[in-house]
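Structural characterization, general
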Amino acid sequence: MKKLMLAFGIVHATIALLFTAGALVLIAIGAQVGWHALHADTGLAAAQEVIEAIGILAAAVVALQIAETIIEEEVVRDADISAPTRVRRFLSRFFVVVVVALAIEGLVATFRAVHDDASELLYVAALVASVGVLLAAWGTFIYLNRSAEELEPAAMQEAQAEDEKLKP
């Protein structure tokens, strides 16, 4: 069983490295788009390129955050994700990243639709509404799971102690 768990740790570490590699590629692309915007004529086209670069960099942040979460939760801590406290913490970290990335993408899409093709605003509105739904669902999840923290205070203290160990 220990060999199987080691194999899972290696797979998780590999996935985290691939997310990190993807983030580095996105950072390079975002920097290139931003650099191109600096050398473009000022105005709407340059602003759109800067906003596009921000969207790409937001995707890079998502990839890095997912990689960090995988490393911390599955490799460093070797955590049992079945524990309710772990599930809440993992999902909360994931939802923060997803909601922020989708909100930024919604802003980028809004700017593009307003200036390029107003018929796309319906799709943008759906994206922004979905961000609101995700945020409400996340808030509901946290609210409904408060009682679980009260039922397992030792698990929460253990998780907080592990957080202290990971701080530089």
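Preceding block: the structure.
Residues numbered from 1 in each chain as written. Predicted model: local features only at pLDDT ≥ 70, side-chain atom pairs only at ≥ 80, totals over all residues. Heavy atoms only, no water.

1. Structural notes on the overall build of the chain
Rules: Strands are runs of DSSP state E lasting at least 2 residues, helices are runs of H or I lasting at least 4, and numbering of each runs from the N terminus. Exposure is judged per residue with a 1.4 Å probe applied to protein chains only, and the accessible area is read against the type maximum: over 50% gives exposed, under 20% gives buried, and values in between give partly exposed. By definition in these notes, contact holds between two residues if any of their heavy atoms fall within 4.5 Å. We get accessible surface area from the Shrake-Rupley algorithm with a probe of 1.4 Å; when it comes to residues, only the shown protein chains can shield them.
Within the chain, the regular secondary structure consists of six helices and zero strands. The helix and strand sequence of the chain, counted from the amino end, reads α-α-α-α-α-α. Taking all 168 residues of the chain together, 27% fall into the buried category. In the chain, the share of contacts with a sequence separation of at least 24, taken over all contacts with a separation of at least 6, comes to 72%. Roughly 10700 Å² of accessible area belongs to the chain as shown, and the carbon and sulfur atoms make up 71% of that amount.

2. Looking at the environment of Leu 127
Relative to the elements of secondary structure, Leu 127 occurs in helix α4 (residues 121-144). When the C-alpha atoms of Leu 127 and Ala 109 are compared, they prove to be 8.9 Å apart, with 18 residues separating the residues in sequence. Contacts of Leu 127, omitting those with residues within four sequence positions, involve Leu 102, Glu 105 and Gly 106.

3. Some words on helix α1 (residues 2-39)
Which entries qualify depends on this criterion: One less than the residue count of a helix, multiplied by 1.5 Å, gives the span that helix is expected to have.
An ideal rise of 1.5 Å per residue puts 56 Å on 38 residues; α1 measures up with 56 Å between its terminal C-alpha atoms. Buried residues belonging to α1 abut α2 (44-76).

4. Brief notes about the environment of Val 75
Within the secondary structure, Val 75 sits in helix α2. Distance in space between the C-alpha atoms of Val 75 and Ala 16 is 9.6 Å, their sequence separation being 59 residues. Apart from the residues within four sequence positions on either side, Val 75 is in contact with Gly 9, His 12, Ala 13 and Ile 70.

5. Concerning the nonpolar core
Put simply, the rule reads: We call a set of buried Ala, Val, Leu, Ile, Met, Phe, Trp, Tyr and Cys residues a nonpolar core when their side-chain atoms join them within 4.5 Å.
Formed by Ala 16, Val 62, Ile 66, Ala 67, Ile 70, Val 97 and Ala 101, the largest nonpolar core amounts to seven residues. Only α2 and α3 (84-115) provide two or more residues apiece to this core. Top contributing element to this core by residue count: α2, with four residues. Those residues within four positions of Ile 66 in sequence are excluded, and the remaining contacts are Phe 19 and Phe 94.

6. Structural notes on the pattern of salt bridges
For the record, the criterion: By convention in these notes, a salt bridge is any Lys or Arg side-chain nitrogen within 4 Å of a carboxyl oxygen on Asp or Glu.
Within the structure shown, the criterion is met by one salt bridge. When the shortest N-O distance is used, the salt bridge between Arg 112 and Glu 52 registers 2.9 Å. Linking Arg 112 in helix α3 with Glu 52 in helix α2, this pair joins segments that are 60 residues apart in sequence. By relative accessible area, Arg 112 is classed as partly exposed at 41%. Using a relative accessible area of 23% as the deciding quantity, one classes Glu 52 as partly exposed.

7. Quick word on a nonpolar patch on the surface
How we decide: Only residues whose relative accessible area exceeds 30% and that form no salt bridge enter a patch; like-charged residues are grouped when within 9 Å of one another, and nonpolar side chains (Val, Leu, Ile, Met, Phe, Trp, Tyr) when within 5 Å.
On the surface, Met 1, Leu 4, Met 5 and Phe 8 cluster together into a nonpolar patch covering about 460 Å² of accessible area. Within the secondary structure layout, Leu 4 lies in helix α1. For Leu 4, a relative accessible area of 45% gives the class partly exposed.

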